[in-house]
Structures are given as structure tokens and as C-alpha cells.
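Summary of the model geometry
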Amino acid sequence: MTQIIQIKDFSMGFGDVTVIKDLSFHVNKGETFGLLGSNGSGKTTTIRALLGIYPPRSGELLISGKPYSVSGGVRLGYLPEERGLYKKEPVIDTMLYFGQLKGLTRERAYSEAMAFLERVGLADKAKTRLDKLSGGQQQKVQLGITIMADPELLILDEPTKGFDPVNRRLLMNIIEDHQKKGATVVLVTHQMEEVERLCDRIILLKDGAAAAYGTVKEVREKHGGKSLDDIFISIYGDEDKGGDNA
Amino acid sequence: MHNLGTVIRFEITRTLKKKTFWIMALGFPLIFAVVGCIIYFSHRATDDASKNLDQQKFSFVVSDESKAIKPVIVTATGGKMDDPAHKQQDIDAVKNGSLDGYIFYPADLVHGTVEVYGKNVDIFNNSRYSSVAQAILSLSASSAVSPNVKAALAGNTSINFTSYRDGAVYDPIKRAILPAVFLVMFYFLIAFFGNQMLTSTTEEKENRVIEMLLTTVEARTLIIGKILSLIMLSIIQGLIVIIPVIVGYLLFHDKLNLPNLDLSSLPVDWGAIGIGFGVFAASFLLFTGLLVAIGAAVPTAKEAGGFFGIVMVLIFGPLYAASLFVSAPHNPFVTFLSLFPFTAPIPLLLRNALGNLDVWQALLGIAILFVTAVIVMSVAVRVFRFGALEYSRKLSLREIFSRK
């Protein structure tokens, strides 16, 4: 199976603190991969290093065989954990901007944006400034931008954060649509229910290293058939305090 | 530089949609218009008061100890002469309202004070008494001398001075006008746009949009796009300011008593204009890059604002040494200010306008400014790239340069 993401011996730290140590894993093309872990376990740091936002201390982080660059030819859809858009701009202008940055023509970006807004019930808000929308509506717009230009690799960092159950279901449906189109999806989440429903393989990070890695079935079998929730608790349960996302 | 056009279009469009841009852009011409109107109405009111002196419909009495006042002028303006010995009675008449005004000219007009008393009309029209007192004095004095003396005293004689340099007629003031346009442009662009340059990247940080941007567009493209859009916006803003000023001048310069500008008589020194343009362009690039870099290094627009003052002092501080640029252009301190990139714009532009900037120094200054601008802009890209996710703290120089 073709590997779209390859991470080998990746180490990363901030100052004297080591966040990730010799982490290696891969993501196959077309699969949905769960990157799991408690707060501060290094999930977001790994994604940021993979996308070239953070420089790694050592190791190789490759997408389609090379370090990620905007001009590298990978159609990426990235929903970062830190949410935000141009608050003073109308929804449609922001979507058009990102759509065009992703290589769409203005007309194509407009039709994609409007189709998405129709689907999520925000078509009437197309000309509304983003700061006039609720937090959940802003999240939807950001998700819409993420999936513009038909990404072949979707990286979603805590995608359901701030969503109510209805919108969570909507998001799951959108992810499933992209799975069906053959996109590779990397899901960074705490929500084990989503993982069990969507993911083919997972990695659980603890203290910057892999605490579990394999298909969902393999990981569950290795832990006596327990649910992912129980496995998560058994791995992280001894931690009585959280940390910042790193 | 893929996507550069998209970035520039987005940045320009969203800025043009901001009310603050138009408030800033139209504020200057508006202030110019308001000041112009005030001057115009002030001149007109003064002229009218002077012309209509004989039509002033109020009763007044004049006492003159100086012997400088011509009774015929007092009579012609509707007043009556009275003996200075009756001064107190006349003042009492004004007090009790039986007389509108009383003017007393002392014997010594040089050291004494002309006393004017009047029945209150209102805050604006009360000045009519003093205006009449002044007008009577001026008309009396001027009627006693020849037109030549009158013109000389009034400073109305015209003087035509011709200076020569290298055997040709040379007017340093006229020659300075065109090169000085670049100095004025630089001043206004930094004053108007400095803050926008500073906050052009903090917005992305404050809105947390930077992570999505960095995975969609190259940091270099984004920064260069922002800088180019700022330059284009500056041109737009410049046109918004200049066009109404030119139109206003052409339509109203006679009424506003503005001097006639015969542009055809302006000497065109292409060398000085070229140097002015070079210094202006390099300086503008340098300070745009510097302000963008500062904005990228700090987490919020508020923190960026603290650095704005430092940059302004660097740019405009040399103006305090302006007299030195005129009197001692070859002083080592002036040379230092002219060649140190962060203080160079004003000394170079000013000295170029004054005509005391050596060509070698001008070319060296422009080269230094351009090289520094390129360095600063590449630093701005690094700062933006690596400081992107520093949402809550400033990036240190060590961190900027230690990262690969």
C-alpha cells in the first residue's frame, strides 16, 4: 500500500523540554488515520512539524515522499487546532480568497463555497462578516475552507471541538464523503467514538512516543478487546493532571 | 511567487472596504478644505470690513492727542471728533448707551495705547470698534505720504532677485521644489500608512488564521504581497490626497489668496529628481519591511504600537538637525545621519532638495538603503515564518536567526 505520510525518528522540543522523541509511523494513502493522545502528548506538534510550521530537531517528516511545501503539489486540506479566520471579512470573500490560494478559479471557488454553505445551512450568511457568526458557524466556515479544492490529504486537528451533536454528525458525514472519494484523512482527536466510527488505523501518543499503533482491531485485541475509550483511560488514567496542547 | 496576485488583490480590496482607510484618506483633503475655507472667509470678512468702513452704522466719537488723525477721515467714516479733555464724558456716554463707540488716540502712538470703548454687540461684531480705530489710523497715516512711501511702509514693493551658479541663472528655492516632493510624499506615506504597515501581520496572528495561511501560501509570497499591496494602497491614498488639492488649488487659488504657481518656470533638475525618487523608493521599501517585520515579531497590534514610536524617532528624528543640513552639510554627523540606513531618508531627501548632497554620497546612500531593505524584508519573512505561532510572546532576535 502506498504511504502518503512517513514520519521517521522524529524528535522535537521547545527549549530544554523534549516533546517528541524518536517517533516513527506512517499513514497509507486512502486510509483514515487517528492521531490520538492526551493534552500535551505531542499530537499538534507532530502535525505542525509535518506541515513545516515547526522545524523538527531531527528525523524525517514526509508527505508523498518529500517535506511538505505549499508548492509541492500536494492538495492539502488542513483544519488547525487554533481556529480563526479574518473576522472583519464577509464569509464568501474569505472562502474565495482561500479557494483561489488553493488554485481554484474565482468562479470555481465561488461555486464550491456556495455549495458548502448551502449544505451546512449558511448560504444566507455568505455576505455576513465572520465576527457576526456564532462560534459554531465560524467553525463550519473554516471546515468549508479546509475541504475546498478537493484535497487528497485532509488533516483535521480536533475537528469537532465546539460542535453540538447535530453539527458533529454533519462533520462526520463530510469526512465520510471525502473518504469515499479516496482522500486520506488524518484525524487528531480525543473523541474515541469518532475514531471507532471513522478510523482504519490509529496511533496513541504518550509523552511524545507511541503507546499504541496499528489498526483499530489490532490495538483493541492487544488490550484484551477493550473499547478505545477504556484503552485510552488505561494508558492515560494515571495522569491526574493535563497540560497544554503541544 | 505563485498566488502573489491573489494576495495583493485580497489585501487591497479588504483595505479599500475599511472605513478607517477612507477616514484617513479623505481626512487630509478635508482638513485642507476646511482650513482653506476658514482662510477664505477670514480674508473676505476683513476685506468687507475694510471696504464697508464708511457703511458702519454705529455712532462713535474720536479724540486725538497724537495729531496723526485726519478729522476728514473720521467724518467720512461716520464719526465725530471731540476734545480729548472730554474723554471721561465720552466713555460715560458709551457706558450709559447714548453713544456706540469711543476711540482715544494717545499723544505717543509708539509707547502709548489706543483706547477703544464700545457698546456690546456680540462676540464677533465687537471687533468692529477696533477695526475702525485701526482703519482710521492707517488711512490717516497713508494719506500724509506719497504712494511710494505708502507702498514701502506697507511692504508692497516687489523685489526681483537673480542669482547665478556656474554662469547660469540659479534659483535654489524653485530648484528645490520638485526634489522636495519626494520628501513630502515620504513623510505623508509613513505618517498615514505606518500604523497599517505595522498591524498588517498582527491581524493574522490575532485572528489565529496564520496556521491555515502558512499551509496554503508561501510566507515569502504573503509578506511580499502585503508589502506590494501597501505600496499600491499608498499610491491610491496619495492620489486621493493630491487630486482634490490640485483641483481645489486650480479652482480657488485666487479667492484663497494662494500664491500663483507657474510650474513652467520651475527648473527641472533630472539628476536631483532621479536621486529623490531613488531615495524615496528605497526608504519606503526599507521602512515598510521594517514595520512589517516588527508586526510579525510581536503577538498583538497593541504591542506592535510600542515599537512604532521608536521607528518614527529614527525616521523623523534627523529633522531636528535640519539647520545643520543647511549650514554644515559636510559635517561628519550629517554624513553619518545620511548614510546610516535607519536615519538616512530625511537627510538624503532634504539635502537633495537643498542641492548640497554630493552625487557619490547620494548613490552610496541609495545603495545602502536598498541593501538594507532587502535584508529587512528577508528578515520579515523569517520572522513571520517562525514567529507565526507565537500568539502570546515576542520573538527574540536569537530565535529568529538560530532557526533553519
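Once a new chain begins, its residue numbering starts again from 1 and follows that chain's sequence as written. Here every chain gets a letter starting at A, and every ligand a number starting at 1, in the order they are written. Note on the predicted model: pLDDT of at least 70 is required for a residue's local features to be given, and 80 or more for side-chain atom pairs to be given and counted; whole-chain, interface and lining totals, by contrast, use all residues. Processing note: side-chain calculations cover all non-hydrogen atoms of the structure and skip hydrogens and water entirely.

Quick notes on the overall build of chain A
If you tally the helices and strands in chain A, you get eight helices and nine strands. Throughout, radius of gyration means the C-alpha value; the globule benchmark is 2.2 Å times the number of residues raised to the power 0.38. Taken over the C-alpha trace, chain A has a radius of gyration of 18 Å; the compact-globule value for 246 residues is 18 Å, and the two agree within 12%. Its C-alpha atoms give chain A principal-axis dimensions of roughly 50 × 35 × 35 Å. Counting over 246 residues, chain A shows a buried share of 53%. Working definition of accessibility: Shrake-Rupley area with a 1.4 Å probe, residue cover restricted to the visible protein chains. Accessible surface for chain A amounts to roughly 10,600 Å². Of this, 47% is attributable to carbon and sulfur atoms. His residues and chain termini do not enter the charge count, which takes Lys and Arg as positive and Asp and Glu as negative. Just so you know, the charge point we use is NZ for Lys, CZ for Arg, CG for Asp and CD for Glu. Charged side chains of chain A number 33 positive and 34 negative; the gap between the two group centres comes to 4 Å. Secondary structure counts use DSSP, requiring at least four H or I residues in a row for a helix and at least two E residues in a row for a strand, with both numbered from the N terminus. Relative accessible area decides the class of each residue, using a 1.4 Å probe on protein chains only: under 20% of the type maximum gives buried, over 50% gives exposed, and in between gives partly exposed.

Some remarks on the overall build of chain B
Within chain B, the secondary structure is distributed over 17 helices and six strands. The C-alpha atoms of chain B give a radius of gyration of 31 Å, which is well past the 22 Å a tight globule of 404 residues would have. Principal-axis analysis of the C-alpha atoms gives chain B an extent of 95 × 55 × 35 Å. Residues classed as buried in chain B amount to 44% of the 404 residues present. Here chain B displays about 21,300 Å² of accessible surface, and carbon together with sulfur accounts for 66% of that area.

Here's the deal with the pairing of strand 3 (residues 101-105) of chain B
Residues and elements named next belong to chain B. Burial analysis of strand 3 places five of its five residues in the buried class, which makes it a mostly covered element. Burial of strand 3 is two-sided: the residues Gly101, Ile103 and Tyr105 facing one way and the residues Tyr102 and Phe104 facing the other way are all buried. When DSSP finds two or more bridges between a pair of strands, those strands are recorded as paired. Of the strand pairs in this sheet, strand 1 (residues 60-64) and strand 3 are connected by five bridges, and their pairing is parallel. Note that in strand 3 the partner of Val61 across the bridge is Tyr102. Of the pairings in the sheet, the one linking strand 3 to strand 4 (residues 115-118) comprises four bridges and is antiparallel in character. Of the residues in strand 4, the one forming a bridge with Gly101 is Gly118.

Considerations on the sheet that holds strand 7 (residues 184-189) of chain A
Residues and elements named next belong to chain A. In spatial order, the strands read 5-6-7-3-8-9; together these six strands make up an open sheet with mixed pairing. Two strands lie at the open edges of the sheet, namely strand 5 (76-79) and strand 9 (209-215), each paired on one side alone. Averaged over all neighbouring strand pairs, the angle between strand axes comes to 10°, with direction disregarded. Pairing between strand 8 (residues 201-206) and strand 9: six bridges, direction antiparallel. The axes used here are C-alpha line fits, helices contributing only the stretch in contact, and every angle between their N-to-C directions lies in the interval 0 to 180 degrees.

Notes on the packing of helix 2 (residues 91-101) of chain A against helix 4 (residues 135-146) of chain A
All names here are of chain A. For the pair helix 2 and helix 4, interaxial distance at closest approach is 9 Å and the crossing angle is 25°. Judged by the inter-axis angle, helix 2 sits roughly parallel to helix 4. Between helix 2 and helix 4 lies a crossing whose hand is right-handed. Of the residues in helix 4, those in contact with Val91, Thr94, Met95 and Phe98 of helix 2 are Val141, Gly144 and Ile145. Considering only residue class, the contact of helix 2 with helix 4 consists of five nonpolar, two polar and no charged. When an angle is under 35 degrees it counts as roughly parallel; over 145 it counts as roughly antiparallel; between 65 and 115 it counts as roughly perpendicular; any other value is oblique. Crossing handedness: left-handed means the near helix sits turned counterclockwise from the far one by under a right angle, and right-handed means the same turn made clockwise. By the convention used here, residues are in contact when the closest approach between their heavy atoms is within 4.5 Å. Amino acids are sorted into nonpolar (Ala, Val, Leu, Ile, Met, Phe, Trp, Tyr, Cys and Pro), charged (Asp, Glu, Lys and Arg) and polar (every other residue, Gly among them).

With respect to the pattern of salt bridges
Any two side chains of opposite charge can pair, so long as their charged atoms come close to each other. Should a side-chain nitrogen of Lys or Arg be within 4 Å of a carboxyl oxygen of Asp or Glu, the pair is scored as a salt bridge. Enumeration according to the criterion identifies 22 salt bridges over all chains in this entry. Note that Lys21(A) and Asp22(A) form a salt bridge whose closest N and O atoms lie 3.6 Å from each other. Between Glu211(B) and Arg48(A) there is a salt bridge, with its nearest N and O atoms 2.8 Å apart. Linking Glu211(B) in helix 9 (residues 210-214) with Arg48(A) in helix 1 (residues 43-50), this pair reaches from one chain into another. Given a relative accessible area of 8%, Arg48(A) falls into the buried group. Residues participating in the shared-partner salt-bridge network are Glu11(B), Arg14(B), Glu203(B), Glu204(B) and Lys226(B).

A word on the interface of chain A and chain B
Counting from both sides, the interface comprises 29 residues of chain A and, opposite them, 26 residues of chain B. Summing both partners gives a buried area of about 2,700 Å² for chain A against chain B, and 60% of it is carried by carbon and sulfur. Among the residues of chain A in contact with chain B, Tyr86(A), Tyr97(A) and Leu101(A) are the three that bury the most area, contributing 25% of the side total. Between the two partners, chain A and chain B, sit four salt bridges. Its salt-bridge partner being Lys17(B), residue Glu89(A) comes within 3.6 Å of it at the nearest N-O pair. Whenever a nitrogen or oxygen atom comes within 3.5 Å of another N or O atom, the pair is scored as a polar contact, on the condition that within protein one atom can donate a hydrogen and the other can accept it, and that pairs from neighbouring residues in sequence are kept only if both atoms are in side chains. At the junction of chain A and chain B, the tally comes to nine residue pairs in polar contact (both at pLDDT 80 or more). At the level of elements, strand 5, helix 2 and helix 4 of chain A are the ones that each hand at least two residues to the side of chain A that touches chain B. Per element, the largest residue contribution to the side of chain A that touches chain B is five residues, and it comes from helix 2 of chain A. We define buried area as the total accessible area lost by two parts upon association, computed with a 1.4 Å probe and summed across both.

Overview of the environment of Val94(B)
As for its placement among the helices and strands, Val94(B) is situated in helix 4 (residues 87-96). Placed 38 residues apart in sequence, Val94(B) and Val132(B) show a C-alpha to C-alpha distance of 16 Å.

Overview of the sheet that holds strand 3 of chain B
Residue and element names in this part refer to chain B. The strand order 2-1-3-4 describes an open sheet built from four strands, whose pairing is mixed. The sheet is open, and its two edges are formed by strand 2 (80-82) and strand 4, each paired on a single side. Across the sheet, the axes of successive neighbouring strands diverge by a mean angle of 20°, strand direction being ignored. The sheet contact formed by strand 1 and strand 2 spans three bridges and is parallel. Pairing of Val62 across the sheet is with Met81, part of strand 2. The strands touched by helix 4 are strand 1, strand 2, strand 3 and strand 4; relative to strand 3, the strand with the most contacts, the crossing angle is about 150°. Those strands touched by helix 5 (residues 127-143) are strand 1, strand 3 and strand 4, and its axis lies near 40° from that of strand 3.

Observations concerning the nonpolar core
The biggest cluster of nonpolar side chains holds 126 residues, and the ones touching the most others in it are Met95(A), Tyr97(A), Phe98(A), Val141(A), Ile202(A), Leu213(B) and Ile315(B). The leading source of residues in this core is helix 11 (residues 270-297) of chain B, at 15 residues. Apart from residues lying up to four places away in sequence, Val141(A) is in contact with Leu85(A), Val91(A), Met95(A), Leu122(A), Leu130(A) and Leu133(A). Buried Ala, Val, Leu, Ile, Met, Phe, Trp, Tyr and Cys residues form a nonpolar core when they are joined through side-chain atoms within 4.5 Å.

Section: the environment of Ala109(A)
Residues and elements named next belong to chain A. Relative to the helices and strands, Ala109 is located in helix 3 (residues 106-119). It is 21 Å that separates the C-alpha atoms of Ala109 and Asn173, two residues lying 64 residues apart in sequence. With near-sequence residues (within four places) excluded, Ala109 lies in contact with Leu96, Gly99, Gln100, Leu104 and Met148.

A look at the packing of aromatic side chains
For any pair of aromatic rings, the description rests on two quantities: the centre-to-centre distance and the angle between the ring planes. Two rings belonging to Phe, Tyr or Trp (six-membered ring only in the last case) form a pair when the distance between their centres is within 6.5 Å. Interplanar angles under 30 degrees mark stacking, angles over 60 mark edge-to-face geometry, and anything in between is tilted. For the structure shown, the criterion picks out 20 aromatic pairs over all chains. An angle of 65° between the planes, with centres 6.2 Å apart, marks the rings of Phe186(B) and Phe287(B) as edge-to-face. You can see Phe186(B) sitting in helix 7 (residues 172-199) and its partner Phe287(B) sitting in helix 11, a full 101 residues away along the chain. Given the relative accessible area of 0%, Phe186(B) is considered buried. Where Tyr187(B) meets Phe188(B), the ring centres are 5.4 Å apart and the plane angle is 85°; that geometry is what we call edge-to-face. Given a relative accessible area of 37%, Tyr187(B) falls into the partly exposed group. Connected via pairs of aromatic rings, a cluster forms that spans Tyr86(A), Tyr97(A), Phe98(A) and Phe10(B). Sitting over the ring of Phe104(B), Lys87(B) keeps its end group 4.1 Å from the ring centre. By definition here, charges over rings are those cases where NZ of Lys or CZ of Arg is within 6 Å of the ring centre and within 35 degrees of the ring normal.

Bear in mind that shape data such as this cannot, by itself, settle questions of function.
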